[in-house]
Protein chains: 2
Amino acid sequence: MTEQRGPDRGSTGDPEGGGPGEPAHGRAAGRGADRGRVVPEATVARLAVYLRVVTVLGGQGAATVSSDELAAAAGVNPAKLRKDLSFLGSYGTRGVGYDVHLLVEEISRVLGVTRHRNVVLVGVGNLGRALAGYGGFASQGFTIAALFDADSARVGEKINGLAVQDMSVLAASCRTAKVTIGMIATPAEAGQQVCDQLIAAGVTCILNFAPIVLSVPDGVDVRKVDLAGELQILSFHERRKSAGLEEVG
Amino acid sequence: MTEQRGPDRGSTGDPEGGGPGEPAHGRAAGRGADRGRVVPEATVARLAVYLRVVTVLGGQGAATVSSDELAAAAGVNPAKLRKDLSFLGSYGTRGVGYDVHLLVEEISRVLGVTRHRNVVLVGVGNLGRALAGYGGFASQGFTIAALFDADSARVGEKINGLAVQDMSVLAASCRTAKVTIGMIATPAEAGQQVCDQLIAAGVTCILNFAPIVLSVPDGVDVRKVDLAGELQILSFHERRKSAGLEEVG
DNA sequence: AACGGCTTGTGAAGACTTGCACAAAGTCGG
DNA sequence: CCGACTTTGTGCAAGTCTTCACAAGCCGTT
Ligand SMILES: NC(=O)c1ccc[n+]([C@@H]2O[C@H](COP(=O)([O-])OP(=O)(O)OC[C@H]3O[C@@H](n4cnc5c(N)ncnc54)[C@H](O)[C@@H]3O)[C@@H](O)[C@H]2O)c1
Ligand SMILES: NC(=O)c1ccc[n+]([C@@H]2O[C@H](COP(=O)([O-])OP(=O)(O)OC[C@H]3O[C@@H](n4cnc5c(N)ncnc54)[C@H](O)[C@@H]3O)[C@@H](O)[C@H]2O)c1
């Protein structure tokens, strides 16, 4: 009932069954929308990468890309890429490749980023400031609609043209702006409480930077960004690499 | 040859074979070190979470934890947690649980964080400043040993008591401090070049914040933190949740 | 109109993960 | 010292994901 998605991927046992073994052809109208197709979680995570890569290729003037080219650019196996894209429907042309523009459109559609989404950020400290000032969100279809902090000394301060607001208006603000995604950049101690407040305000997706495991009701998605955890994973691999030196015998 | 590890988990086809199907009992001396045991990638990612959770529990005075308690706190299935911990060896006591202190020690050992590791950070901009000022790394066994930036206006500036250095001394600095982990917080355009410089300086593990796929030689591990990507994944789930409303028929 | 070359889409096999269920093993009260 | 109770460690089955290999399909050329 909690199972955070993060660096690993977890699997909360989605109600949907069916897997790759499904009689995939014969369903899902050949070239139309992906009606009823289940996109695996692992694929969703890669779609974000493909979207960025294919957008760049499009910007460089490419009209089509082959799965080999795209896979190389995204750093994945070509077969995996093709299978991933096949979940969106059949948008490639055999012998030619994928139409770059169409691909951008279709991936965006599946990811649900065809229209901008509003996001709120709670906790405007060290990290929160960096996030608030980051232009990379807007270019990917996300607008930070509001900033919140519990520190009254910070309320009212403008960051990147956006005023920091008091926590008391969080719920009203989220509902007005139809915000469904919240980012938590408060200290760990405040994380769970802020999370609860966000959910009470109607937020159903949370990106958590605090190093804690949030507990949320069903229907709310949480992804966590755990930087120290990332370093520990790297540390593990580092240790393994150098392990050979001492354990030769 | 590239395959970044990030939100998803990828699998670069590690040379190691063997899997869970291995005759796990009968090997790995019952209670001693985990000699020769292969720790699955998915488990490694969770070990970082367990380490944090169990550390907190220890700080609260708990002497032992059961797999159920620990699993609940970490947000995973108890059986999964036990299997994960079994890769470190047999450090639990049946009928009692795990010794908190011992567990911290063993997980730290496997993750290779028993002694502090030095890390360098390249790119002291918006995000880099936040990272440089973050105290959470040190408490997890990582010390930011040096900061680098290409902007001469920033070289010399002190952040959190550490001076920003010029890129020209990166290699020397890394070798002197025996740094094997590097963090990249430069704009996307500079990412690959900086990555190459880090590798040339002897770095073998990279944590990348730039929204690009780095290409690195074998033997170098990359993990990426893609915030816009995380939001897109959340967006996908959000879209799915609200899809029922329009597709009822 | 048929052909050769190239690339997609996907069945099938294999690899990896998860989670159940339970025997093994240890504790605690009597 | 024993028996009841608790909790670990893990065999096993069921998923989920990855990768290979190749038929099917599209294009341009002859
Ligand atoms: N700074 C980094 O680079 C970094 C890296 C990784 C993780 N993190 C994590 O991100 C979080 C924020 O880090 P930071 O360095 O920005 O910390 P910070 O202390 O600089 O900022 C925290 C902000 O949250 C606000 N806050 C505290 N309680 C609140 C509440 N109940 N409601 C709303 N706002 C509240 C504070 O007023 C402050 O402005 C921490 O959990 C930290 O562990 C930070
Ligand atoms: N700010 C955020 O919250 C945020 C969030 C997600 C991702 N990112 C990514 O992190 C990276 C950094 O973001 P930022 O907002 O800090 O950008 P920034 O422009 O504020 O900082 C970039 C820094 O890198 C330095 N730099 C440029 N080229 C360099 C080179 N070749 N060698 C060394 N240093 C160089 C610049 O001088 C600057 O100080 C970007 O790739 C961005 O997409 C940032």
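Residues numbered from 1 in each chain as written. Chains lettered and ligands numbered in written order. Predicted model: local features only at pLDDT ≥ 70, side-chain atom pairs only at ≥ 80, totals over all residues. Heavy atoms only, no water.

1. Some words on the site of ligand 2
Lining the immediate environment of ligand 2, one finds 24 residues, of which A:Tyr134, B:Leu127, B:Asp149, B:Arg154 and B:Thr186 sit closest. In this structure, an oxygen atom belonging to ligand 2 sits 3.0 Å away from a main-chain N or O atom of A:Ala130. Between ligand 2 and the protein, one listed contact pairs an oxygen atom with a side-chain N or O atom of B:Asp149 at 2.5 Å. The fraction of the free accessible surface of ligand 2 (820 Å²) that becomes covered by protein chains is 84%. With 3 residues, helix H7 (residues 188–200) of chain B is the single largest residue contributor to the shell around ligand 2. Looking at the shell around ligand 2, its residues break down into 17 nonpolar, 4 polar and 3 charged. (Near = heavy atom within 4 Å. Polar contact = N/O pair within 3.5 Å; in protein donor to acceptor, adjacent residues only side chain to side chain. Areas by Shrake-Rupley, 256 points an atom, 1.4 Å probe, with all protein chains shown as cover. Helix = DSSP H or I, 4+ residues; strand = E, 2+ residues; numbered from the N terminus. Nonpolar A, V, L, I, M, F, W, Y, C, P; charged D, E, K, R; others polar.)

2. Observations concerning the sheet that holds strand S1 (residues 64–65) of chain B
Where strands meet in a sheet, backbone hydrogen bonds hold them as pairs that are either parallel or antiparallel. Residues and elements named next belong to chain B. Taken in spatial order, the 3 strands line up as S1-S3-S2 in an open sheet, and their pairing is antiparallel. Two strands lie at the open edges of the sheet, namely S1 and strand S2 (92–93), each paired on one side alone. One ladder, built from 2 bridges, connects S1 with strand S3 (residues 97–99); its direction is antiparallel. Of the residues in S3, the one forming a bridge with Val65 is Tyr98. (Pairing = 2+ DSSP bridges.)

3. Thoughts on the site of ligand 1
Taken together, 24 residues are adjacent to ligand 1, and A:Leu127, A:Asp149, A:Arg154, A:Thr186 and B:Tyr134 come closest. Contacts to ligand 1 include A:Asp149, whose side-chain N or O atom sits 2.5 Å from an oxygen atom. In the model, an oxygen atom of ligand 1 is placed 2.6 Å from a nitrogen or oxygen of the A:Thr186 main chain. Protein chains shield 83% of the accessible area of ligand 1, which is 820 Å² for the free molecule. Listing elements by their share of the shell around ligand 1, those giving two or more residues are helix H5 (126–132) and helix H8 (188–200) of chain A together with helix H5 (126–132) of chain B. Take the shell around ligand 1: its biggest share by element is 3 residues, from H8(A). Partitioned by chemical class, the residues of the shell around ligand 1 number 17 nonpolar, 4 polar and 3 charged.

4. A few points about the protein's contact with DNA strand D
Of all residues adjacent to DNA strand D, which total 31 residues, the nearest are A:Arg46, A:Arg94, B:Ser67, B:Arg82 and B:Tyr98. Considering the 4 Å shell around the protein, atoms of DNA strand D inside it are sugar or phosphate in 66% of instances. Between DNA strand D and the protein, one listed contact pairs a phosphate oxygen with a side-chain N or O atom of A:Asn77 at 3.2 Å. Within the contact set of DNA strand D, a base nitrogen lies 3.4 Å away from a backbone nitrogen or oxygen of A:Gly95.

5. Observations regarding the environment of B:Val155
Note on placement: B:Val155 falls in the loop between strand S5 (142–149) and strand S6 (158–159). Sequence spacing of B:Val155 and B:Val124 is 31 residues, and the spatial spacing of their C-alpha atoms is 9.4 Å.

6. What about the interface of chain B and chain A?
The extent of an interface is frequently quoted as the accessible surface area lost upon association of the parts. Facing the 73 residues of chain B at the interface are 75 residues of chain A. With both sides pooled, the region where chain B packs onto chain A buries about 6,600 Å², and carbon together with sulfur makes up 58% of that total. Two residues, B:Glu230 and A:Arg223, come together in a salt bridge whose shortest N-O distance is 2.3 Å. Contributing elements (two or more residues each) for the side of chain B that touches chain A: helix H1 (41–59), helix H2 (67–74), helix H4 (100–111), H5, strand S8 (181–184), strand S9 (205–208), strand S10 (221–224) and helix H8 (227–246) of chain B. With 15 residues, H8(B) is the single largest residue contributor to the side of chain B that touches chain A. (Contact = heavy atoms within 4.5 Å. Buried area = accessible area lost by both parts, 1.4 Å probe. Salt bridge = Lys/Arg side-chain N within 4 Å of Asp/Glu carboxyl O.)

7. Things to note about the relation of the copies chain B and chain A
Relative to chain A, chain B is turned by 180° and slid 0.0 Å along the rotation axis, the superposed coordinates differing by an RMSD of 0.1 Å. One copy is carried onto the other by what is essentially a two-fold rotation axis. Interface overlap between copies: 99% of the residues of chain B at the interface are likewise at the interface in chain A, consistent with a symmetric, same-surface contact. (Least-squares fit on C-alpha atoms with pLDDT ≥ 70 in both.)

8. Some thoughts on the sheet that holds S9(B)
Residue and element names in this part refer to chain B. Pairing within the open sheet is mixed, and its 7 strands lie in the order S6-S7-S5-S4-S8-S9-S10. Each having just a single partner strand, S6 and S10 make up the two edges of the open sheet. With respect to the sheet, H7 is in contact with strand S4 (117–122), S8 and S9, its orientation differing from that of S8 by roughly 165°. (Axes fitted to C-alpha atoms, helices over the stretch in contact; angles between N-to-C directions.)

9. Thoughts on the packing of H1(B) against H4(B)
All names here are of chain B. Close contact between H1 and H4 brings their axes to 9 Å; oriented N to C, the two are set at 150°. When the interaxial angle is binned, H1 and H4 end up roughly antiparallel. In this structure, H1 crosses over H4, and the sense of that crossing is left-handed. Contact residues: Val44, Leu47, Ala48, Tyr50, Leu51, Val54, Thr55 and Gly58 in H1; Val100, Leu103, Val104, Ile107, Ser108, Val110 and Leu111 in H4. In the contact of H1 with H4, the residues fall into 12 nonpolar, 3 polar and no charged. (Parallel < 35°, antiparallel > 145°, perpendicular 65-115°, else oblique. Left-handed = near helix turned anticlockwise from the far one by under 90°.)

10. Brief notes about the confidence of the model for chain A
Summarising the model, chain A shows a mean pLDDT of 87, and 84% of its residues fall at 70 or more. In this model residues 7–32 of chain A is a low-confidence stretch, pLDDT under 50, and it forms 31 contacts with partners more than four residues away in sequence or in other chains. (pLDDT = per-residue confidence, 0-100.)

11. Quick word on H7(B)
Residues and elements named next belong to chain B. Helix length check: H7 (13 residues) gives 19 Å between terminal C-alpha atoms against 18 Å at 1.5 Å per residue, within 8%. Buried within H7 are the following residues: Gly191, Val194, Cys195 and Leu198. Considering only its buried residues, H7 is in contact with S4, helix H6 (170–176), S8 and S9. Gly202 occupies a position one or two residues after H7 and carries a positive phi of about 100°. (Expected span 1.5 Å × (residues − 1). Buried < 20%, exposed > 50% of the residue type's maximum accessible area, 1.4 Å probe, protein only.)

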